[in-house]
Amino acid sequence: MARTLRFNIFRYNPRNPASVAHMREYSLGETESMTLFIALNRIREEQDPSLQFDFCCRAGICGACAMVVNGKPGLACHTKTKDMPGEISLMPLPFFKLVGDLSVDTGSWFRGMYQKVESWVHTSKTFDPAAEEERMDNELAEKIYELDRCIECGCCVAACGTALMREDFLGAVALNRVARFLIDPRDERTEKEYFDVVGSDDGVFGCMGLLACEDVCPKDIPLQDQLGMLRRKMALAAVRGMLPKFLRKD
Amino acid sequence: MQIIQTDLLCIGAGLAGERVAIEAAGNGFSVICLSLVPARRSHSSAAQGGMQAALGNCVMGEGDSPDVHFQDTVKGSDWGCDQEVARLFVDGGPIAMRQMAFWGVPWNRVVPGEHTYYKGGKPFTAIEKQEKEGLITARNFGGTAKWRTCYTSDGTGHAVLYTLDNKAAQMGVEVHDKTEAVALIHDGETCMGAIVRCLKTGELRAYLARATLVATGGFGRIYRESTNAVINDGGGLIVALDTGVAMLGNMEAVQFHPTGIVPTDILVTEGCRGDGGTLLDVNEYRFMPDYEPEKAELASRDVVSRRMTEHMRKGLGVKSAYGDHLWLDIRHLGEKHIRHNLREVDEICQSFLGRDPLYQLIPVRPTQHYSMGGLRTNKDGAAYGLKGLFSAGEAACWDMHGFNRLGGNSLAETIVAGMIVGGKVVEFLAGTDTVFKTKCVREAFDAQQGRIDRLLAGQNGAESAYAIRDAMFDSIMVGAGIFRNGRDLDECVKTLQVLHERAGRVGLRSDGLGANPEQALALKIQGMVKLALCVAYGALMRTESRGAHTREDFPERNDRDWLSRTLATWKDGADLPTLHYEPATQTFEIPPGDRGYGGGKIIPMQTEQGR
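The notes below deal with the structure included here. (Residues numbered from 1 in each chain as written. Chains lettered and ligands numbered in written order. Predicted model: local features only at pLDDT ≥ 70, side-chain atom pairs only at ≥ 80, totals over all residues. Heavy atoms only, no water.)

1. Digging into the interface of chain A and chain B
Every contact between the two is made by 70 residues of chain A and, on the other side, 78 residues of chain B. Asp54(A) is paired through a salt bridge with Lys178(B); the nearest N and O atoms lie 2.9 Å apart. Connecting chain A to chain B are 47 residue pairs in polar contact (both at pLDDT 80 or more). Top element by residues in the side of chain A that touches chain B is helix α3 (residues 138–148) of chain A. It accounts for seven residues. By residue class, the composition of the side of chain A that touches chain B is 28 nonpolar, 17 polar and 25 charged. (Contact = heavy atoms within 4.5 Å. Salt bridge = Lys/Arg side-chain N within 4 Å of Asp/Glu carboxyl O. Polar contact = N/O pair within 3.5 Å; in protein donor to acceptor, adjacent residues only side chain to side chain. Helix = DSSP H or I, 4+ residues; strand = E, 2+ residues; numbered from the N terminus. Nonpolar A, V, L, I, M, F, W, Y, C, P; charged D, E, K, R; others polar.)

2. Quick word on the environment of Ser27(A)
Residue and element names in this part refer to chain A. Structurally, the position occupied by serine 27 is in strand β2 (residues 22–29). Its relative accessible area of 39% is what places serine 27 among the partly exposed residues. Counting along the chain gives 60 residues from serine 27 to glutamate 87, while the straight-line C-alpha distance between them is 9.4 Å. If sequence neighbours within four positions are ignored, serine 27 has contacts with Thr4, Leu5, Arg6 and Gln47. (Buried < 20%, exposed > 50% of the residue type's maximum accessible area, 1.4 Å probe, protein only.)

3. Notes on the sheet that holds strand β14 (residues 326–329) of chain B
Residues and elements named next belong to chain B. Taken together, four strands build an open sheet; the order of strands is β12-β15-β14-β13 and the sheet is antiparallel. Of all strands in the sheet, those with a lone pairing partner are β12 (254–261) and β13 (278–280), marking the two edges. When strand polarity is set aside, the average angle formed by the axes of neighbouring strands in this sheet is 45 degrees. Across three bridges, the pairing between β14 and strand β15 (residues 362–371) is antiparallel. Residue pairing in the sheet places leucine 326 in a bridge with valine 364 of β15. Taken strand by strand, helix α8 (residues 301–316) contacts β12, β13, β14 and β15, and its axis lies near 60 degrees from that of β12. (Pairing = 2+ DSSP bridges. Axes fitted to C-alpha atoms, helices over the stretch in contact; angles between N-to-C directions.)

4. Topic: the side chain of Asn140(B)
Residue and element names in this part refer to chain B. Inspection of the secondary structure assignment puts asparagine 140 in the loop between β5 (122–128) and β6 (149–150). In terms of polar contacts, asparagine 140 uses its side chain to reach the side chain of tryptophan 147, at 3.5 Å. In contact with asparagine 140, not counting residues within four places along its chain, are Lys119, Trp147, Gly274 and Leu298.

5. Focus on the nonpolar core
Buried together is how nonpolar side chains tend to be arranged in soluble globular proteins. Grouped together as the largest cluster of nonpolar side chains are 111 residues, with contacts concentrated most on Phe7(A), Ile9(A), Leu40(A), Leu90(A), Ile330(B) and Ile362(B). Ranked by residues supplied to this core, first place goes to helix α6 (residues 171–182) of chain A with seven residues. Cys191(B), Ile222(B), Ile482(B) and Ala539(B) belong to the second largest nonpolar core, which has 80 residues in total. (Core = buried A, V, L, I, M, F, W, Y, C linked by side-chain atoms within 4.5 Å.)

6. What to know about the sheet that holds strand β11 (residues 248–249) of chain B
Strand pairing in a sheet relies on backbone hydrogen bonds. The paired strands run either parallel or antiparallel. All names here are of chain B. Pairing is mixed across the open sheet formed by five strands, whose spatial order is β18-β16-β11-β22-β23. For this open sheet the edge positions go to β18 (396–397) and β23 (578–583), each flanked by a neighbour on one side alone. By the bridge criterion, two bridges tie strand β16 (residues 374–376) to β18 in an arrangement that is parallel. Looking across to β18, one finds that leucine 375 is bridged to alanine 396. Contacting β11, β22 (564–569) and β23, helix α15 (residues 517–541) crosses the sheet at an angle of about 60 degrees to β23.

See below:
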């Protein structure tokens, strides 16, 4: 028997002075293979054309449609209604600036993050178009790609207790980004330079270890491992300067 | 009126837009990219397969060269491409890939020793050479003589886009995301930037730019079943067409991908078939070798899509609630290969279908996938008709794809064209000054503000933008789908003309305030219908079959009359595009011949002596 789903959706349009934040209920007949992508578009087209939400690839690749689904951040396009109870509540991601309803501005925050961690390969070399590419071990290439798989959906930051309390906290996504460049031999940054980026309470030492980031990551990136690795490296980098010379291991 | 000024305005921040942006920023020019979504969510990120470039590092790519790549590209295009552009592309490929490696892309690399590969579903072993260890490797893609598709696991587009956007951030390229260009600012001769709607607030702004680049990707979303992201609605082409002077090339050349999953139309990569995946029918019989004995599943996309449709028309498709489909079988590739090399495919099947491709077949059918046509440019990427307007990537008709592009060539095009066109944009910026005419800016702004005001006041009428869009979907799939004929196309054009008129009478059901999604569609729907008309009318007039354009009533490729490119402009107040034609290519490195797949007759080009 097809179910009738009840959706409770957060509504607020900051551009409309008359708008008040509230939850609104919609009913929708469930169809086969229904995802929240299909459901939300049907609600917008059939019931409420002002409803704001973000989808782009609708294939779990681009990260546009992160929202809080029944209390947990996740990708709406990934969420099959058959895995859900008959009542579904949808809220925008916290932490990011609200655009309206379920739509938030992740772009501004992420561009700020790129600048903070200098999310690019730092090299003193210049590209030589006539030269063969520098060789790289395939296993290492795959390791880098593993960490490059992040889709910047924002779920990890939205689920992060530290980020909610401390707005300058870099969050798991940024720490993972740093880890990605740390293992990439093309990036010439030293441990000290990385320390300057993440070796503070806004970085690795701010994390309270609740690890919701890893629980909600739709790409199953081992965020916990990256955090641990960075913490060890940064802690060592911090004490190294204090040790007598004969104890230092450079 | 808020005015923002920059040297280069890139409309679109996917691979092509950002690659051009980086070239300009690297040469000291200010650059702003507009994007409907944060740059990294651009549809480039969804391209899983890879980029073709004749590096020839892997054993199955030995003996490859730009010349071999050139032949594949021209054949693939069914001789519809501009051969000078195809040459620029193949020669630039290896440099562009190495540059991406230099900037940080984790390309998969050659691992020396014995490997088991698949071709046509059959395993074979090959030995990768020791001296090639660690160089960029490649995988097999359809329609190519050599293995030359560079890749990073199953996320090539994602990895390259992230690297490019990192580079863009480093170079100080500004990205204004959640913005949409709704009109170009021009005086009929020169483009001076764009009028832009902010999708966070709904406000209009004017961006003045000495050079403007359209890099908005494809327009697949004029079809209901499309692998394209929901943002690929042709916005950049609409604003270009609306100028009345810029030209859209070969809009009827629309590619369908053989393996969109049913029901969500998400693409599973051609890499599945490249690695040895096979297509099965309702009886789980592998039918492709019967149609294409030599290439089987690896014939070019238009051929595979057509053969699948042909086979389903014989009643051999699998029935489902969402219509007929066929099966893609990758079970024999084994757990390690599926879970690792084809991880995105595995994830798509599990997440969106609830099927495990290691044990179960994948439901697939041909789905709209790629727009070969687009904003016509010369080989420098400069648009016909408007000075200061450029285009690159899928949005452009540059035109290296002709009537069919090869898998892996389009993703490579984004960065190769981006590199080449970027260089030409830099030359333009260095050598040209643009006069910003305040009258043009004000008039363009007022025209758009007026449209929005009338819409919000309900002065145009009460047609639903969604209803018009749905009617457009129905019409274009019947008329200008995989198989086309004069009768259905004629009907389709007439229906779309009616929809074009109705689209002028759209009203809103909601308040339209702020970043209202109904308003966004309402402002765009008439433009989308115009693009659909360019496709359908161009397809009706082109009385031959070439590449992806298949006329049942004109099955021959007609080189005598149609070795040409369709150019469409839209006159103010018209309800059909005006079509012009130009020769497909000015120079021939390879004269028109047989592709070696796809069958079909050819009416030869008339030679000088023949005349």
